[in-house]
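Results of the structural survey
Here is how the chains run, residue by residue.
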Amino acid sequence: TCQHVSSLDLKNLCFVHLSRFLLFFSLQTFEKLLIANRGEIACRVIKTCKKMGIKTVAIHSDVDANAVHVKMADEAVCVGPAPTSKSYLNMDAIMEVIKKTRAQAVHPGYGFLSENKEFARRLASEGVTFIGPDTHAIQAMGDKIESKLLAKNAKVNTIPGFDGVVKDADEAVRIAREIGYPVMIKASAGGGGKGMRIAWDDEETREGFRFSSQEAASSFGDDRLLIEKFIDNPRHIEIQVLADKHGNALWLNERECSIQRRNQKVVEEAPSTFLDPETRRAMGEQAVALAKAVKYSSAGTVEFLVDSSKNFYFLEMNTRLQVEHPVTECITGLDLVQEMIRVAKGYPLRHKQADIPINGWAVECRVYAEDPYKSFGLPSIGKLSQYQEPLHVPSVRVDSGIQQGSDISIYYDPMISKLITYGSNRAEALKRMEEALDNYVIRGVAHNISLLREVIIHPRFVQGDISTKFLPEVYPDGFKGHKLTDLERRELLATAASLYVAEQLRSQRFLGTPRIPIAKSKQSSWELSVRLGDGIYPVAVSKDGSSFSVEVDGMKLNVTSEWNLASPLLSVTIDGTQRTIQRLSRNASGDTSIQFLGTVYKLQILTKVAAELSKYMPEKAAEDTSSILRSPMPGAVVAVSVKPGDMVSEGQEICVIEAMKMQNSMIAAKTGKVSYLGSLKTICNLSNRIEFKKEKRRILCCSP
Amino acid sequence: SRKKNKRIYFDEYDMFVEHRCSDFGMDSSKNKYPGDSVVTGRGRINGRLAYVFSQDFTVFGGSLSGAHAQKICKVMDQAAMVGAPVIGLNDSGGARIQEGVESLAGYADIFLDTSYLFITGPDVVKSVTNEDVTQEQLGGAKTHTSVSGVAHRAFENDIDALLNLREFFNYLPLSNRDPAPVRECHDPSDRLVPELDMLVPIESTKAYDMLDIIHSIADEREFFEIMPSYARNIVVGFARMNGRTVGIVGNQPKVASGCLDINSSVKGARFVRFCDAFNIPLITFVDVPGFLPGTAQEYGGIIRHGAKLLFAFAEATVPKITIITRKAYGGAYDVMSSKHLRGDANYAWPTAEVAVMGAKGAVQIIFRGKEADAEAEYVDKFANPFPAAMRGFVDDIIQPSTTRVRICHDLDVLASKTQSSPWKKHANIPL
């Protein structure tokens, strides 16, 4: 397999003892491996397989036929239609593919069948290697109740709570009262924040019970729930473990995953600013003890909640590769997928605990196709009309499974990519992240770059003062985008005005010699009026050689750029400060939107004359949106709670929309009577809305 | 609006002209306005010459008097003489205005909510046909841009319309004596468009948005669409390729499967004629399942109207580049700037199907439903671009991502194209 090992890998492995290094070269693993997953993680696994000289088989649903992972793999087979239950979770079809392609091993990635003991069992019975722990460990750790008991026995710190399955809502309330509010209701088979609700009183417990069991049923096919004490304001820190089939286990340091929204991680880093070496070792040793207790092999993650006094409690163990594994790879130099494959083949670990370093700092941002202005992120769908990863920024790793032209559909997780930056220290990694986010081009779908960028520059985050409540605490009224300082606003206005003038100048440049000569404009200064938000700002631009001198609010700024009007990224220097901006759109009416410091600003630029004449134009009456409740995202209507003629009061649930496996209750904004209910099709999209008309006292549910 | 601003290069004509009417009290001195109810003159838009007239509603409701008409005719004559366009801003109570005026080659703008255009107003309609209708319903912006096809675009207000007009003006040559203009371009002509390789869905019945293709291929994703709300099953408009203005025609699979019907044929034909008249090269994207069948279309004269589009493409002598993205079935294939209509460069994407009709329909007709396997055979034989390529009906089968490069190269070569038609007094388009 020598020829498949690139020089880069040699560098990564340089700390490995020479004899073991040579041994590695002589080791064979598998000839062909099937990846039972899609998207970025499938691509990630294929990359390691390629360097190990393993042939790969991708599976895909019919809508994914053109997906990147399908193109990257040596073979690809369709396993069914778009819904995951019929494709990526379709065990029969996948087993069939394994037989047909003679794959010797299966890497399940994360999600889907990665923690499905039945799948692992079926593979074992066919003599196919599952790249992951054995069935026993999956079962033990996959069940939150059993895992807690095991952890207790292995002397791992655990959270007080009910150690059994909750039968119904009444029992849930009784148990919740016993433990004391707040409590956490979660799916016994769950993970990734799905089927998880926090309740502060009896009513919320009942509601949480209902939602969690529905979500658990649809996500995991298992609606069993459990309840435990909810630790307020904790950090979420997890330990990566790696174990072999010979009783050896290592801890590969921690990952700080406290920045979350709706219990899903958004920003992760390794190491954590919060842990001292003693706590790190204590957590690592408990994690290894647990792994050994279940005879764990492969890579796994032991999640802990850590309170402000550095007390840590076992949360759960994920018996799979985690989404955020790249940050661990960055600081330890290990390729976790490669280690998983080796261990699965039966080789002992190549490293000792003392070999595991913390080299530098790594930060990961999960870039999602979602609108961060709605509950920190509601899924958005569409086609990536333009897409360019910031790979020209140094020390950037992007794990993605999409490309320009890909569709983000309602069927799968809306993650676009994982953006990882690395530096010799945290400040350097964060600085690079800022640059990488500014240089990331994503068009066609809403994305959360603005939120990510705000988080990583927020003083609290920079100081390391974070908890799982970070987002709601920092943005109690919801995320509203970057708040411009006076200087930043001037910079934005100056840049926008300069772009406008550059565009005007370009529109006078025709090639060739026309029959009627073009009158060369001698204009060298422009008086503009720029609308930004609620403000209208007079801006004066004068051309000064190749740069523009712009006067805003009585302040002069010098703006220089190459003014390439076709490039999605524009590097602008404003009074010596370099900024990478993106002009997302412009039209003849003067409207333009510019991504500046991560946030998209809408501006309207008119000449002073046009702006003055605008006041003579008839005003358009704005649409009254206060009585309209729009579906916040595309999804499937799973339940309608009202019928025509019903009286509904403010705050009452009208229907439930499911998107990306999340159930969202649609609430009446005002009190009124339902007089008409349109036929609700299973899929509704953004153009549909649920109308709630106060004046006519009716609720209207529209569908295509 | 008549005040001369030193920064704005507008030379006004006939400021001293007054109306000559003396009946009904019009002769009194207080009813004389210098310049009468229209402003005329010439100026520059981005340095390029244009004549303009603007009816002034503040003077006798902008109504058309003899002096008023004379002023307009004067700028028109001069514009025709030098070969420069006339822009007309119509705001007049008099309905006879249409008779004498062609504004910017017939491209009329209407403002949303405040503008109405009709032969007879709602009161006359009510008295003659007893039909109740509002001004907005009868001749508002929405009616004329989406139902009647009389207006080509609607805008928010006067300023918005003028700003968009300036943008549109930059796409056009000054007259039919000039070639299509070439503006400085920052978008590389050899830019590959990888997303096109997977844009056309695998299922041939699934829709996609033709505008996605147009935006991704055009310079800087800019496309000035004409009649965006009317007959939406065909998309027409202007874009630039490596700086040069082109006219783009595309079937829109997203609307009515992109079929050709009466309205879309007429919309397309009008646009093709415009481009040919003004030396603007035509780029046609084909994904057409055929002509819309049924009595409504046949009684409405689809044959006659479809022939307009066929005639327009056949007679056009500007460079014609055609890309078949998917379906090119039957007569509709021929109509859409095919090789048979003197197409200069006709390409097919690998997803193209050039056939008489879809496999399912064809097999039903040939075998009367008795031959189940025949459909697959038909698909194998015809649902691909090879039969057409082997006969030379398409010049090449191209990787979709290279489409922009191919078009830019072809346009460079075809810039010197000359082609003539046999002499005739005028062509006999099937009106």
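About the criteria used
Residues numbered from 1 in each chain as written. Chains lettered and ligands numbered in written order. Predicted model: local features only at pLDDT ≥ 70, side-chain atom pairs only at ≥ 80, totals over all residues. Heavy atoms only, no water. UniProt positions renumbered as here; feature names shortened; annotations may be inferred. Helix = DSSP H or I, 4+ residues; strand = E, 2+ residues; numbered from the N terminus. Buried < 20%, exposed > 50% of the residue type's maximum accessible area, 1.4 Å probe, protein only. Contact = heavy atoms within 4.5 Å. Areas by Shrake-Rupley, 256 points an atom, 1.4 Å probe, with all protein chains shown as cover. Salt bridge = Lys/Arg side-chain N within 4 Å of Asp/Glu carboxyl O. Axes fitted to C-alpha atoms, helices over the stretch in contact; angles between N-to-C directions. Parallel < 35°, antiparallel > 145°, perpendicular 65-115°, else oblique. Nonpolar A, V, L, I, M, F, W, Y, C, P; charged D, E, K, R; others polar. Patch = residues over 30% accessible without salt bridge, like charges linked within 9 Å, V, L, I, M, F, W, Y side chains within 5 Å. Lys, Arg positive; Asp, Glu negative; His and termini not counted. Charge placed at Lys NZ, Arg CZ, Asp CG, Glu CD. Left-handed = near helix turned anticlockwise from the far one by under 90°. Pairing = 2+ DSSP bridges. Buried area = accessible area lost by both parts, 1.4 Å probe. Polar contact = N/O pair within 3.5 Å; in protein donor to acceptor, adjacent residues only side chain to side chain.

In the nomenclature of an unreviewed UniProt entry, chain B corresponds to Propionyl-CoA carboxylase beta chain, mitochondrial from the organism Buteo japonicus. Of chain B, the UniProt comment under Subunit (unreviewed entry) reads exactly: "The holoenzyme is a dodecamer composed of 6 PCCA/alpha subunits and 6 PCCB/beta subunits."

As recorded in an unreviewed UniProt entry, chain A goes by the name Propionyl-CoA carboxylase alpha chain, mitochondrial, listed as coming from Buteo japonicus. Of the comments in the UniProt record for chain A, the one headed Pathway (unreviewed entry) reads "Metabolic intermediate metabolism; propanoyl-CoA degradation; succinyl-CoA from propanoyl-CoA: step 1/3." The record in UniProt for chain A states the following under Subcellular location (unreviewed entry): "Mitochondrion matrix".

Structural notes on the overall build of chain A
The number of helices and strands found in chain A is 19 helices and 39 strands. Burial statistics for chain A: of 704 residues in total, 57% are counted as buried. Contacts spanning at least 24 positions in sequence make up 63% of the contacts within chain A whose residues lie at least 6 apart. Of the accessible surface of chain A, which amounts to about 28,700 Å², a share of 51% is contributed by carbon and sulfur atoms.

Some words on the pattern of salt bridges
Within this structure, the stated rule accounts for 68 salt bridges over all chains. Across the salt bridge formed by A:Glu118 and A:Arg121, the nearest N and O atoms sit 2.9 Å from each other. Of this pair, A:Glu118 and A:Arg121 both sit in helix 6 (residues 117–125), three residues apart, which is roughly one turn of the helix. Judged by its relative accessible area of 34%, A:Glu118 is partly exposed. Classification of A:Arg121 by relative accessible area gives partly exposed; the value is 42%. B:Arg326 is paired through a salt bridge with B:Asp287; the nearest N and O atoms lie 3.0 Å apart. With B:Arg326 in strand 11 (residues 320–329) and B:Asp287 in strand 10 (residues 282–288), this pair connects stretches of sequence that are 39 residues apart. Overall, B:Asp287 belongs to the buried group, its relative accessible area being 1%. What emerges from the salt-bridge pattern is a single network uniting A:Glu40, A:Arg44, A:Lys51, A:Glu329, A:Asp335, A:Arg397, A:Asp399 and A:Lys418.

Comments concerning the packing of helix 7 (residues 135–142) of chain A against helix 8 (residues 144–153) of chain A
Residues and elements named next belong to chain A. Interhelical geometry of helix 7 versus helix 8 gives an angle of 95° and a closest axis separation of 5 Å. The orientation of helix 7 with respect to helix 8, classified from their angle, is roughly perpendicular. On helix 8, the residues touching Gln 139, Ala 140, Met 141 and Gly 142 of helix 7 are Lys 144, Glu 146, Ser 147 and Leu 150. Taken together, the residues of the contact of helix 7 with helix 8 break down into three nonpolar, three polar and two charged.

Observations concerning a negative patch on the surface
A contiguous patch of negative charge, built from A:Asp201, A:Glu203, A:Glu204 and A:Glu207, is present on the exposed surface. Following the sequence through the fold, A:Glu204 ends up in helix 10 (residues 202–220).

A closer look at the packing of helix 8 (residues 262–277) of chain B against helix 10 (residues 302–315) of chain B
All names here are of chain B. Running from N to C, helix 8 and helix 10 cross one another at 20°; their axes reach a closest spacing of 8 Å. With respect to their mutual orientation, helix 8 and helix 10 come out roughly parallel. Pair helix 8 / helix 10 crosses with left-handed handedness. Contact with helix 8, carried on its side by Ile 262, Ser 265, Val 266, Gly 268, Ala 269, Val 272, Arg 273 and Asp 276, involves Ile 302, His 305, Gly 306, Lys 308, Leu 309, Phe 311, Ala 312, Phe 313 and Glu 315 of helix 10 and no other residues of that element. Partitioning the contact of helix 8 with helix 10 into residue classes produces nine nonpolar, four polar and four charged.

A word on the pairing of strand 25 (residues 547–552) of chain A
Residue and element names in this part refer to chain A. In terms of burial, strand 25 is a largely internal element, five of the six residues being buried. Pairing of strand 24 (residues 535–544) with strand 25, which is carried by six bridges, proceeds in the antiparallel orientation. The partner of Val 541 across the bridge, within strand 25, is Val 550. The pairing of strand 25 with strand 26 (residues 555–561) spans five bridges and is classified as antiparallel.

Some points on the interface of chain B and chain A
Across the contact, 41 residues belong to chain B and 38 residues belong to chain A. Taken over both partners, the interface formed by chain B and chain A buries close to 3,500 Å², and the fraction arising from carbon and sulfur atoms is 53%. At the surface where chain B touches chain A, the tally comes to five salt bridges. Notably, a salt bridge pairs A:Arg586 with B:Glu167, separated by 2.9 Å at the nearest N-O pair. Between chain B and chain A we count 18 residue pairs in polar contact (both at pLDDT 80 or more) in total. Mapped onto the side of chain B that touches chain A, the elements with two or more residues apiece are strand 3 (48–55) and helix 6 (158–169) of chain B. Counting residues per element, the side of chain B that touches chain A draws most heavily on helix 6 of chain B, at seven residues.

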